[in-house]
Amino acid sequence: MTTTLTPPTTGHLDDDAAGQAHFDQLIADDNRVEPTDWMPAAYRKTLVRQVSQHAHSEIIGMQPEANWITRAPSLKRKAILMAKVQDEAGHGLYLYSAAETLGTPRDELVDQLLSGKAKYSSIFNYPARTWADVGAIGWLVDGAAIANQVPLCRASYGPYGRSMVRICKEESFHQRQGWEILYELARGTAEQKQMAQEAINRFYGPALQMFGPPDDESPNSQQSMAWNIKRFSNDELRQRFVDMIVPQVEALGLSFEDPDLKWNEERGHYDFGELDWSEFKAVVRGNGPCNEQRLNHRRAAHDEGAWVREAAAAYARRQADQPVVDSALIA
Ligand code: FAQ
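About the criteria used
- Residues numbered from 1 in each chain as written.
- Predicted model: local features only at pLDDT ≥ 70, side-chain atom pairs only at ≥ 80, totals over all residues.
- Heavy atoms only, no water.
- Helix = DSSP H or I, 4+ residues; strand = E, 2+ residues; numbered from the N terminus.
- Rg over C-alpha atoms; globule rule 2.2 N^0.38 Å.
- Buried < 20%, exposed > 50% of the residue type's maximum accessible area, 1.4 Å probe, protein only.
- Areas by Shrake-Rupley, 256 points an atom, 1.4 Å probe, with all protein chains shown as cover.
- Lys, Arg positive; Asp, Glu negative; His and termini not counted.
- Charge placed at Lys NZ, Arg CZ, Asp CG, Glu CD.
- Axes fitted to C-alpha atoms, helices over the stretch in contact; angles between N-to-C directions.
- Parallel < 35°, antiparallel > 145°, perpendicular 65-115°, else oblique.
- Contact = heavy atoms within 4.5 Å.
- Nonpolar A, V, L, I, M, F, W, Y, C, P; charged D, E, K, R; others polar.
- Salt bridge = Lys/Arg side-chain N within 4 Å of Asp/Glu carboxyl O.
- Near = heavy atom within 4 Å.
- Polar contact = N/O pair within 3.5 Å; in protein donor to acceptor, adjacent residues only side chain to side chain.
- Core = buried A, V, L, I, M, F, W, Y, C linked by side-chain atoms within 4.5 Å.
- Phe/Tyr/Trp six-rings, centres within 6.5 Å; stacked < 30°, edge-to-face > 60°.
- Disulfide = S-S within 2.5 Å.
- Expected span 1.5 Å × (residues − 1).

When helices and strands are counted, the protein shows 14 helices and two strands. Here the C-alpha atoms of the protein give a radius of gyration of 22 Å, agreeing with the 20 Å that 2.2 N^0.38 yields for 331 residues. Overall, the C-alpha framework of the protein stretches about 70 × 50 × 40 Å when taken along its three principal axes. When each of the 331 residues of the protein is scored for burial, the buried share is 48%. A total accessible area of about 16,900 Å² is found for the protein, and carbon and sulfur atoms account for 55% of it. Computed over 35 positive and 46 negative side-chain charges, the separation of the two mean positions in the protein equals 4 Å.

If you want it as structure tokens, here you go:
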């Protein structure tokens, strides 16, 4: 569907000193910046980048779990998983809408994804090999998403922060369902427990990498934190997540395959081992186990959905052409 969008009225005022002063004051007072407010071009650009990457992640992120809908072990699990995957689609749509308020049409953002130009979260380039992986995705991937996104509810850009509130509520349910899948498996047969352990082994490192590169290799963090978009650094959130999941893995009766993972009394945090950053870089560059498969699948789905977009656009045009009838006059 071709989106007709009126760019925010502020676009031509980028040099406006009064606009800059107003923007600086909003940030200093920890207030929201709204679409009609003047904003620096770089603030707009970084938000379009982050929000659209986030939207793409939600959409591509449907694939690993959707792959298990037909093989879920019971009708109840199937219904839950379908609802979860649909939620992720909804998150993608709220986020594309939030990105559009910054003046970039959705078609353009989607083209960036389909052409392979846009990034999306590294985690979704890993396969879901077993049913236990669905549990590990819910617990660790949605868990990392929550740890990262709860602070984003306070992001300075209003439409982004507000979309995060609902997304985080839904992600909390997703995390619980993933944990519960693993809890059941961990209390099942020896094979089921082993399957849960192996899923955790596969997803632990990639889930920790969802928080982004280490702080000293994160080019965007400092400015995004100064603008109150990000509230914590990548490493701070990663640490917070590790501190949260260690007691949870113990409650499952399972463990993380990390010999350096131990409580550090002095720091009041868990120490953990160095992650494989060369693997992370390779996955982000497009060379992960499933990058090609994920994009090809998305492109095919986009092509197959062309008739839906055309029909929706035709319907919208017809609605716009219809004369407005005042029902009070007819009566
Ligand atoms: N994968 O300078 P930084 C979910 C890129 S949603 C790929 O630190 P920033 C729900 C980064 O874009 C998961 N690329 O960047 C779900 C940047 O590239 P650029 C997605 C990554 O933006 C669950 C470059 O590296 N969540 O899971 C990754 O300040 C289950 C330098 O990095 C969000 O998007 C990565 N992991 O911080 C759905 C949350 N990390 O653009 C389905 C919102 C970094 O300069 C199923 N986003 N890069 O070329 C954020 O919080 C931030 O954008 C970070 C990165 C923290 C991801």
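A separate point is the packing of helix α5 (residues 106–114) against helix α12 (residues 291–304). With their axes 10 Å apart at the nearest point, α5 and α12 run at an angle of 140° to one another. Taken together, the axes of α5 and α12 lie oblique to each other. Counted together, Val-110, Leu-113 and Leu-114 of α5 and Leu-295, Arg-298, Arg-299 and His-302 of α12 form the full contact between these two elements. Residues belonging to the contact of α5 with α12 are distributed by class as follows: four nonpolar, one polar and two charged.

Per the stated rule, a full pass over the model turns up twelve salt bridges. One salt bridge in this structure joins Glu-65 and Lys-84, with 2.9 Å as the shortest N-O distance. Placement of the pair is Glu-65 in helix α3 (residues 62–66) and Lys-84 in helix α4 (residues 75–100), with a sequence separation of 19 residues. Residue Glu-65 shares its accessibility class with Lys-84, and that shared class is buried. As a salt-bridge pair, Arg-238 and Asp-235 come within 2.7 Å of each other at their nearest N and O atoms. A residue pair is termed a helical-turn pair when its members lie 3 or 4 positions apart in one helix, as Arg-238 and Asp-235 do in helix α10 (residues 234–252) at three residues. The exposure class assigned to Arg-238 is buried, which follows from its relative accessible area of 2%.

Another aspect to go through is the site of the ligand. In the region of the ligand, 36 residues are neighbours, and Gln-53, Lys-119, Ser-218, Lys-230 and Asn-234 sit closest. Between the ligand and Ser-122 there is a distance of 2.8 Å, counted from a nitrogen atom to a backbone nitrogen or oxygen. Here a nitrogen atom of the ligand sits 3.3 Å away from a polar atom, N or O, in the main chain of Gln-209. When isolated, the ligand has an accessible area of 1,100 Å², and the protein chains bury 91% of it. Sorting the residues of the shell around the ligand by element identifies α2 (41–60), α4, α6 (131–149), α7 (158–186) and α11 (277–287) as the ones contributing at least two each. Here the shell around the ligand takes six residues from α2, the largest share from any one element. For the shell around the ligand, the per-class residue count stands at twelve nonpolar, 15 polar and nine charged.

Here we take up the nonpolar core. In summary, soluble globular proteins display a tendency toward joint burial of nonpolar side chains. One finds Tyr-43, Trp-139, Tyr-160 and Phe-256 to be the most contacted residues of the largest nonpolar core, which totals 78 residues. By residue number, the principal contributor to this core is α6, which donates ten residues. Those residues within four positions of Tyr-160 in sequence are excluded, and the remaining contacts are Leu-47, Gln-50, Val-51, His-54, Leu-95, Ala-98, Leu-152 and Ala-155.

Tallied over the full model, the rule gives ten aromatic pairs. Ring centres of Tyr-204 and Phe-256 lie 4.5 Å apart, and the angle between their planes is 25°; on these two criteria the pair is classed as stacked. Placement of the pair is Tyr-204 in helix α8 (residues 190–209) and Phe-256 in the loop between α10 and β1 (262–264), with a sequence separation of 52 residues. Of the two residues, Tyr-204 and Phe-256, both sit in the buried class. For the ring pair Trp-277 and Phe-280, a centre distance of 5.2 Å and an interplane angle of 85° mean the geometry is edge-to-face. On the criterion of helical spacing, the pair formed by Trp-277 and Phe-280 is a turn pair, its members being three residues apart in helix α11.

It is worth spelling out the state of the cysteines at this point. Going through the model one piece at a time under the given rule, you end up with zero disulfides. Free of any disulfide, Cys-153 has its nearest neighbouring cysteine sulfur in Cys-168, separated by 3.9 Å.

Structural remark: α-helix, 3.6 residues per turn; residues separated by three or four positions point the same way. For α10, spanning 19 residues, the distance from its first C-alpha to its last is 27 Å, which sits close to the expected 27 Å at 1.5 Å a residue. All of the buried residues along α10 are Asn-234, Leu-237, Arg-238, Gln-239, Phe-241, Val-242, Asp-243, Ile-245, Val-246, Val-249 and Leu-252. Those residues of α10 that are buried are in contact with α6, α7, α8, α9 (221–226), β2 (269–271) and α11. A positive phi of about 80° marks Gly-253, the residue just after α10.

Okay, unusual backbone geometry next. Phi at Asp-30 takes a positive value of approximately 60°, unusual for a residue other than glycine. Inspection of the secondary structure assignment puts Asp-30 in the loop between α1 (17–28) and α2. Residue classification places Asp-30 among the partly exposed positions, given a relative accessible area of 41%. The residue Asn-228 is not glycine, and still its phi comes out positive at about 60°. Classification of Asn-228 by relative accessible area gives buried; the value is 12%.

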